[in-house]
Amino acid sequence: MEQGGIQLDQGNFSCLDLLKDRVNIPCGHSYCMNCIKHHWEGEDQRRIPSCPQCRKEFKPRPELEKSIMLAALVEDLKKTGLQAAPADHCYAGPEDVACDVCTGRKRKAVKSCLVCLVSYCENHLQPHYDVPGLKKHKLVDPSKMLQENICSRHDEAMKIFCRTDQQCICYLCTMEEHKGHETVPAAAERDEKKKELQLSRQQIHQRIQDQEKDVKLLQQEVEAINVFADKAVEDSEKIFTELIRLLQERSSEVKQQIRSQQETEVSRVKDVQEKLEQEITELKRKDAELEQLSHTEDHTQFLLNYPSLPALRESTHSSSINIRPLRHFEDVTAAVTELRDKLQDVLRDTWTKISLMVTDVNVLLSEPEPKTRDGFLKFSQIITLDPNTLNRFLLLSEGKRKVTFVNHEQSYPDHPDRFDGLCYQVLSTESLTECCYWEVEWRGGGAVAVSYKNISRTERLGSNDQSWSLYCDRNSYTFHHNNIKTTLARPVSSRIGVYLDQTAGILCFYSVSETMTLLHRVQTRFTQPLHAAIRLCFSFSCPDGSSAEFIKL
């Protein structure tokens, strides 16, 4: 610290107490009077008094007198605040915004000025509160992004928004490359965007409310399914007990069917419930992001970050859940009672009826299957192909939407997801939504398929129970699943449409031309997330390579 041109460094003092009476000894060092007296008096009396620091000896023992200059200096320091140095927490660390005006060790900035494009500490900010011209400047929380507000070409503040090119520009840009474009002040554009943001938040809030109601309804249905299933099991057991040994085996089978269907329905309902809860969480997170952006006072930062916000997607579920009437397993009980009355002569026919009634318990009503191509297009999903699964004899193009068979192996890096050997296949990057539709344009020969992600990388699509595949060539279609081949007698077209309703367990393949022709329909229960898939092979009709492309709908 400097005071009156004299450098005072506390490290030069052997005694650390600056506030006591200071004395000088002949060697020039200074000590608190009590400290030096205590030192000399504590030494061996036979020893000659010496300086504790330089060890110079004094004989005889010098008289100690108060240092008038040091005393005056200490008093001055006390008045000007020796202890007033900023604490370490006032200085800017690696994560803090530093004051642009401070020299030497910089202090933390408390505000950034959008007009000056400078960040200020508390001391250097004061003119913005005192000087009339500076009071009009826009102050915001400290920001490290101020330089992004400067036009890289003209080194001017970007206070204008070009609606034509959707970017922030400076006033010089309006006279050059943005001349004639539709431009508005950045603040005005921010206000418009903020209105859109608020509308999006309102939509999110409404969707959250709707889906919270659906979650509650689904929970009630889970409880109802369990109650009615338990009741059906109880009634069935009582009835089958009366059939003695002849019907004991049938009783056990009915119980197992009911429990199996109960588990299936509860699982399906809980799956939908869980997805709704996940979507609610995602909507709340997105709302928090929108709220945080809405509070951004920096117009430029607001507009720079606004385009990165993902558009609000349509919900993957209806705003209300369709529930079948609460009959559930009552028909099962009636059928079992009828079986008891008719006994052996009607056992076989009635047993078939019981099985049908159990499997017909379906709480969630699926979306009605579309009847026209426009209806299918409402469920269209954009699909891209995953390079990590791509066989080395395949090439991707068209933004990873098209795959082509080539006659020479490509040098792709090793990856555990990559299809190997003769499995000229690839999976989609995205998992498929609950209800979706897509179209594939194909040339040569290959298969359009859906598959679980964990399918074996050395098995062809359709050769196991984890994939469903429609093979296409110039003359025919064949459907493959679990190594079972089904030949389809349908007109061949170069475009295949695929409709999937995972909740209902429906998978349909269509031939798409001027009309849509159903090629094959699958009714099953999907137990894992599904991915779209393609398998290609060499075709003499396409010497330059067979191909398949997911069409933008």
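For every chain, the first residue of the written sequence is number 1, and numbering continues from 1 along that sequence. Totals for whole chains, interfaces and linings use all residues, but because this is a predicted model, local features are given only for residues with pLDDT of at least 70 and pairs of side-chain atoms are given and counted only at 80 or more. Values reported for side chains reflect all heavy atoms of the structure, with hydrogen atoms and water molecules removed beforehand.

Per an unreviewed UniProt entry, the protein chain carries the name Tripartite motif-containing protein 16-like and comes from Poecilia formosa.

Engineer: What exactly am I supposed to notice about the overall build of the protein chain here?
Structural biologist: Think of it this way: any DSSP run of H or I at least four residues long counts as a helix, any run of E at least two long counts as a strand, and we number them from the N terminus. Summing up its helical and strand segments, the protein chain has eleven helices and 23 strands in all. Out of the 553 residues belonging to the protein chain, those deemed buried represent 41%. Any two residues whose heavy atoms approach within 4.5 Å are treated as being in contact. Across the protein chain, contacts joining residues at least 24 apart in sequence account for 60% of those joining residues at least 6 apart. We call a residue buried when its accessible area falls under 20% of the maximum for its residue type, exposed when it is over 50%, and partly exposed in between, using a 1.4 Å probe and counting protein chains only.

Engineer: Whenever I open this one, the confidence of the model for the protein chain confuses me. Can you help?
Structural biologist: Any residue range with low pLDDT should be treated as having predicted coordinates unsuitable for detailed reading. Summarising the model, the protein chain shows a mean pLDDT of 82, and 83% of its residues fall at 70 or more. Confidence of the predictor at the level of single residues is captured by pLDDT, which takes values from 0 to 100. Note that residues 1–14 has pLDDT below 50 and, in this model, 24 contacts with residues that lie over four places away or in other chains.

Engineer: Where do I start with the pairing of strand β11 (residues 394–397) in this structure?
Structural biologist: Each regular strand shows side chains that alternate between the opposite faces of the sheet. Pairing of β11 with strand β12 (residues 402–405), which is carried by four bridges, proceeds in the antiparallel orientation. Following the sheet pairing, Leu394 is matched in β12 by Phe405. Strands are treated as partners if at least two bridges between them are detected by DSSP. Taking the residues between adjacent antiparallel strands as the criterion, β11 and β12 are bridged by four residues, where Glu398 takes a positive phi near 55°.

Engineer: In this structure, what is going on with unusual backbone geometry? I would like to understand it.
Structural biologist: Backbone phi values are negative for most residues with the exception of glycine, while trans is the configuration of most peptide bonds. Non-glycine residue Gln166 carries a positive phi angle of around 55°. Following the sequence through the fold, Gln166 ends up in the loop between β8 (160–162) and β9 (167–169). The exposure class assigned to Gln166 is partly exposed, which follows from its relative accessible area of 46%. Look at Lys400: it is not a glycine, yet its phi comes out positive at around 65°.

Engineer: Would you take a moment to explain the pattern of salt bridges for this structure?
Structural biologist: Pairs can form between side chains of opposite charge whenever their charged atoms are close. The term salt bridge refers to a pairing of a side-chain nitrogen on Lys or Arg with a carboxyl oxygen on Asp or Glu at a separation within 4 Å. Going through the model one piece at a time under the given rule, you end up with 23 salt bridges. For the salt bridge of Arg153 with Glu177, the shortest nitrogen-to-oxygen distance reads 3.1 Å. Taken together, the residues Arg153 in the loop between β7 (139–140) and β8 and Glu177 in the loop between β9 and β10 (183–185) connect sequence positions 24 residues apart. Taking relative accessible area as the criterion, Arg153 reaches 56% and is therefore assigned exposed. Residue class for Glu177 comes out partly exposed when judged on its relative accessible area of 35%.

Engineer: What exactly am I supposed to notice about the packing of aromatic side chains here?
Structural biologist: Geometrically, a pair of aromatic rings is defined through the distance of the ring centres and the angle of the planes. Side-chain rings of Phe, Tyr and Trp (the six-membered ring for Trp) are treated as a pair once their centres are within 6.5 Å; stacked means planes under 30 degrees apart, edge-to-face means over 60, and tilted covers the remaining angles. One pass over the structure, following the stated rule, counts nine aromatic pairs. Summarising the aromatic geometry, the rings of Phe376 and Tyr437 are spaced 5.2 Å apart at their centres and angled 35° between planes, so their arrangement reads as tilted. Within this pair, whereas Phe376 is found in helix α11 (residues 373–377), its partner Tyr437 is found in strand β14 (residues 435–443), the two being separated by 61 residues in sequence. Summarising the burial analysis for this pair, Phe376 and Tyr437 share the class buried. Look at Trp468 and Phe526: their rings are 5.1 Å apart centre to centre, the planes differ by 80°, and that puts the pair in the edge-to-face class. Of this pair, Trp468 sits in strand β16 (residues 467–472) while Phe526 sits in the loop between β21 (516–523) and β22 (530–536), and the two are 58 residues apart along the sequence. When sorted by exposure, Trp468 lands in the same class as Phe526, which is buried. The structure contains a cluster of three or more aromatic residues connected by ring pairs, namely Phe376, Phe379, Tyr437, Tyr499 and Tyr510. Arg190 extends its terminal NZ or CZ atom over the ring of Phe302, reaching a point 4.9 Å from the ring centre. To sit over a ring, a charge needs its Lys NZ or Arg CZ within 6 Å of the ring centre and within 35 degrees of the ring normal.

Engineer: Help me out: how do you make sense of the environment of Thr527 in this one?
Structural biologist: Position of Thr527 among the secondary structure elements: in the loop between β21 and β22. Each C-alpha atom, one on Thr527 and one on Gln502, is 9.0 Å from the other, the two residues being 25 residues apart in sequence.

Engineer: In this structure, what is going on with the pairing of strand β23 (residues 547–550)? I would like to understand it.
Structural biologist: Side chains Ser547 and Glu549 project from β23 onto one buried face, and the interleaved Ala548 and Phe550 project onto a second face that is buried too. The pairing of β12 with β23 spans three bridges and is antiparallel. From the neighbouring strand, Lys402 faces β23, where its bridge partner is Glu549. When β14 meets β23, the two strands line up antiparallel, connected through four bridges. Paired with Trp442 across the strands is Ala548, a residue of β23.

Engineer: Help me out: how do you make sense of the sheet that holds strand β6 (residues 118–120) in this one?
Structural biologist: Where strands meet in a sheet, backbone hydrogen bonds hold them as pairs that are either parallel or antiparallel. As summarised here, the arrangement of the three strands in space is β6-β5-β7, forming an open sheet in which the pairing is antiparallel. Each edge of the sheet is formed by a strand with only one pairing partner; in this case those strands are β6 and β7.

Engineer: Mind showing me how you'd approach the nonpolar core here?
Structural biologist: Inside soluble globular proteins, nonpolar side chains tend to come together where they are buried. One finds Trp438 and Ile496 to be the most contacted residues of the largest nonpolar core, which totals 36 residues. Once residues lying within four places of it in the same chain are set aside, the contact partners of Trp438 are Gln381, Ile383, Leu432, Val450, Ile496, Gly497, Val498, Leu500, Ala532, Phe550 and Leu553. Membership of the second largest hydrophobic core comes to 29 residues, among which are Cys162, Cys168, Val184 and Tyr306. Buried residues of nine kinds, namely Ala, Val, Leu, Ile, Met, Phe, Trp, Tyr and Cys, make up a nonpolar core once their side-chain atoms join them within 4.5 Å.

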